[in-house]
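# A structural walkthrough
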Amino acid sequence: QVQLVESGGGLVQPGGSLRLSCAASRNIFRIYVMGWYRQAPGNERELVATIHSGGTTNYADSVKGRFTISRDNAKNTVYLQMNSLKPEDTAIYYCNLDLLGSNVYWGQGTQVTVSS
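Below is a summary of the structure that appears in this document. (Residues numbered from 1 in each chain as written. Predicted model: local features only at pLDDT ≥ 70, side-chain atom pairs only at ≥ 80, totals over all residues. Heavy atoms only, no water.)

### Observations concerning the state of the cysteines
Scanning all chains against the criterion turns up one disulfide. Between the sulfur of Cys22 and that of Cys95 lies a disulfide, 2.0 Å long from S to S. One disulfide, between Cys22 and Cys95, carries an S-S torsion of -80° and so falls in the left-handed class. Pair noted here: Cys22 is in strand β3 (residues 18-24) and Cys95 is in strand β9 (residues 91-98), with a separation of 73 residues, a long-range link. (Disulfide = S-S within 2.5 Å. Helix = DSSP H or I, 4+ residues; strand = E, 2+ residues; numbered from the N terminus.)

Below is the structure:
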């Protein structure tokens, strides 16, 4: 079992930045994909960005060039640096760990609100 704990959400003005963190409760000694999804009111949950254990990253078109996903293996933590934030980025952001053919884990979610 793996617990994912997110932090870093909050209220920011348009054009501002936030960094989200997702810490896994233990080392992941296997191939995995870890990433961020978001869900705005009335919308389905959508992929934001992922990073493979091999280092490959993937981004939704709506965030390319503005968001960067990275990881710190020593801390079992994945980060999402969000720059040039827009009101349409407002959502609950969820951390996800997919053990590829095994279990999938979700964090509890962190609210990001972009508003003036």
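### Focus: the sheet that holds strand β7 (residues 67-72)
Spatially, the four strands line up as an open sheet ordered β1-β3-β8-β7, and their pairing is antiparallel. Unpaired on one side and paired on the other, β1 (4-7) and β7 mark the two borders of the sheet. Direction aside, the axes of adjacent strands within the sheet are offset by 15° on average. In terms of strand pairing, β7 meets strand β8 (residues 77-82) through six bridges, oriented antiparallel. Considered in β8, the bridge of Thr68 is made with Gln81. (Pairing = 2+ DSSP bridges. Axes fitted to C-alpha atoms, helices over the stretch in contact; angles between N-to-C directions.)

### Some words on the pattern of salt bridges
As enumerated under the stated definition, the model contains four salt bridges in all. Residue Asp61 pairs with Lys64 through a salt bridge whose shortest N-O separation is 3.1 Å. Neither Asp61 nor Lys64 differs from the other in exposure class; each is exposed. Residue Arg66 pairs with Asp89 through a salt bridge whose shortest N-O separation is 2.8 Å. Remark: Asp89 occurs in the loop between β8 and β9 and Arg66 occurs in the loop between β6 (57-59) and β7; sequence separation between them is 23 residues. We classify Arg66 as buried; its relative accessible area is 10%. (Salt bridge = Lys/Arg side-chain N within 4 Å of Asp/Glu carboxyl O. Buried < 20%, exposed > 50% of the residue type's maximum accessible area, 1.4 Å probe, protein only.)

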